[in-house]
Amino acid sequence: MTRRYFGTDGVRGRVGEAPITPEFVLRLGYAAGATLVSREHLPAGERPAVLIGKDTRISGYMLEAALESGFSAAGVDVMLCGPMPTAAIAYLTRALRLQAGVVISASHNPYDDNGIKFFSAQGTKLPDAVEQEIEARLEAPMGCMESAKLGKARRVDDAGGRYIEFCKSTFPNELDLRGLRIVVDCAHGAAYHVAPLVFHELGAEVVTIGASPSGMNINEGVGATAPESLRRAMIGHQADVGIALDGDADRVLMADRDGRVYDGDQLLYVIARRRHGRGGVAGVAGTLMSNLGLEHALARLGIPFARAKVGDRYVLELLNERGWQLGGENSGHILCLDKHSTGDGIVSALQVLAALRAEGTTLAQACADLDMYPQKLINVRLPNGFDWKADPAIKAAVATAEQALDGQGRVLLRPSGTEPLLRVMVEGADGARVAAQAEAIAAAARVATGTA
């Protein structure tokens, strides 16, 4: 399928620039609504209903209103829950037996970006065929139902409480978090009013940072994309564990009492190791970016490992294809399909904490057998239409790097699915060599793209 508007994680871009404009989002709401109306076969007189949630970006108010109008014009009822984590919308859509869920968020991006992503009635990303139908309807003129068939809107007042109870239900009944001091960094994002309560209600003493959203400070110097804030808070408060979420709380990083930060690969290993000890891991799905150390450590445990393209939707596809339940990305997206239908930073953190509490270990002890390969990632601005794969200078720099690694590492270049960036990743046993080769490739790419 060739997508014009949908990327790997919905429709995303800079607010005020196509496609993230009020006019387009109005049409998107109508197109998505018309698709639901055509696909759903409800009893006579009943309308399809969708849930709309958002993160804390100031543009969310505007886009929420546009989406609501579009759905209403298509004859779809709308339920609004305000700022809530992406995974909460997936859960509530399923729990409330709605036809779809919509999240207004640009995840880890800066506040002046935003996006729209959809969930099916099952709490999963929309199938390609449905996205394709929505895109086709976007090309047609927008219509409007007659007044008697317009959709209605109402607020879901208990959404936060419902989601908190769901998160707690994924933690073993026989365990608690009493005696732990936990720092929770909410990235001034969607989980600011729910994540601290989850860990507090399970018994932890919670220190909260990044929980004062202004509409323009989401992900700014806090959260999973800026773990230095978590590291400082851990040391300053002498906490036992730190948890950093991103703006929409679907990814997580964690830290130990020494301020050492653990990425998604390491957290995935902790969960897999615990489940393997209980005979419950058929296999683990990672991505092209997953550290070689994770692959090797899982192999030593006898756990099969497979790589998907980068993006949690591709990890999910691979899990479903293999019939596995556990997968993730080094960025902190972790999927535990026996607990939730999508990646959830809070639920993932709870699975790690459950492993640590059950075994009486720390993060450092749980990762003692995991030797991570040095990995250097550099982002290079990518002009529209630039064919980086065909550029001779970039190809030469990659060939030189692969020769220097001498079979003891990897080079991976890929375009971001959410930003106009070329991601340059080099991984290998020698950290200094890895860094030097990554810088060399990035420098060649900057010259080639005119961004040097």
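All figures in this text were calculated on a predicted structure; none of them were measured in a lab.

*Asks:* Summarise the overall build of the protein; cite the residues concerned and give the values.
*Replies:* Secondary structure summary: the protein contains 14 helices and 18 strands in total. Taking 452 residues into account, the globule formula puts the C-alpha radius of gyration at 22 Å, and the protein, at 22 Å, falls close to it. Look at the contacts in the protein between residues 6 or more apart in sequence, and 70% of them connect residues 24 or more apart. A total accessible area of about 18200 Å² is found for the protein, and carbon and sulfur atoms account for 49% of it. In the protein, 47 side chains carry a positive charge and 53 a negative one; their mean positions are 1 Å apart.

*Asks:* Any details on the nonpolar core? Residues and values, ideally.
*Replies:* By size, the foremost hydrophobic cluster in this structure holds 69 residues, and its most contacted members are Tyr 163, Phe 199, Ile 243, Met 254 and Ile 346. No other element matches the nine residues that helix H11 (residues 345-359) contributes to this core. Within the second largest apolar cluster, 28 residues are counted, among which are Leu 28, Val 76, Val 78 and Ile 134.

*Asks:* Now, about helix H8 (residues 264-277): what can you tell me, with residues and values included?
*Replies:* What sets the pattern is the α-helix's 3.6 residues per turn: residues three or four places apart point alike. Here H8 spans 20 Å end to end across 14 residues, near enough to the 20 Å set by a 1.5 Å rise per residue. Within H8, ten of the 14 residues are buried, leaving the element largely enclosed by the surrounding structure. Turning to H8, its buried residues are Gly 264, Asp 265, Gln 266, Leu 267, Leu 268, Tyr 269, Val 270, Ile 271, Ala 272 and Arg 275. Capping the start of H8 is the job of one residue whose side-chain oxygen sits 3.1 Å from the backbone nitrogen of Asp 265: Asp 263. Backbone geometry just after H8 places Gly 279 at a positive phi near 75 degrees.

*Asks:* Summarise the sheet that holds strand S14 (residues 326-328); cite the residues concerned and give the values.
*Replies:* Strand order in this open sheet of four strands is S13-S12-S14-S15, and the pairing throughout is mixed. Among the strands making up the open sheet, the edge pair consists of strand S13 (305-308) and strand S15 (334-336). Going from strand to strand, the sheet's axes swing by 20 degrees on average, the running direction of each strand aside. Across four bridges, strand S12 (residues 284-287) lies against S13 in parallel orientation. Bridge assignment links Thr 287 to a residue of S13, and that residue is Ala 308. Strands in contact with helix H10 (residues 312-322) are S12, S13, S14 and S15; relative to S13, the strand with the most contacts, it is inclined by about 140 degrees.

*Asks:* Kindly report on the packing of helix H13 (residues 392-405) against helix H14 (residues 431-449), identifying the contributing residues and their values.
*Replies:* A pair of packed helices can be characterised by two numbers: the angle between their axes and the separation between those axes. Two elements in contact, H13 and H14, have axes whose closest approach is 8 Å; the angle formed by their N-to-C orientations is 175 degrees. The pairing of H13 with H14 is recorded here as roughly antiparallel in orientation. Each of Ala 393, Ile 394, Ala 397, Val 398, Thr 400, Ala 401, Ala 404 and Leu 405 in H13 lies in contact with H14, whose residues at this interface are Arg 433, Val 434, Gln 437, Ala 440, Ile 441, Ala 444, Ala 445 and Ala 448. Here the contact of H13 with H14 is built from residues that sort into 13 nonpolar, two polar and one charged.

Conventions used here
Residues numbered from 1 in each chain as written. Predicted model: local features only at pLDDT ≥ 70, side-chain atom pairs only at ≥ 80, totals over all residues. Heavy atoms only, no water. Helix = DSSP H or I, 4+ residues; strand = E, 2+ residues; numbered from the N terminus. Rg over C-alpha atoms; globule rule 2.2 N^0.38 Å. Contact = heavy atoms within 4.5 Å. Areas by Shrake-Rupley, 256 points an atom, 1.4 Å probe, with all protein chains shown as cover. Lys, Arg positive; Asp, Glu negative; His and termini not counted. Charge placed at Lys NZ, Arg CZ, Asp CG, Glu CD. Core = buried A, V, L, I, M, F, W, Y, C linked by side-chain atoms within 4.5 Å. Buried < 20%, exposed > 50% of the residue type's maximum accessible area, 1.4 Å probe, protein only. Expected span 1.5 Å × (residues − 1). Polar contact = N/O pair within 3.5 Å; in protein donor to acceptor, adjacent residues only side chain to side chain. Pairing = 2+ DSSP bridges. Axes fitted to C-alpha atoms, helices over the stretch in contact; angles between N-to-C directions. Parallel < 35°, antiparallel > 145°, perpendicular 65-115°, else oblique. Nonpolar A, V, L, I, M, F, W, Y, C, P; charged D, E, K, R; others polar.

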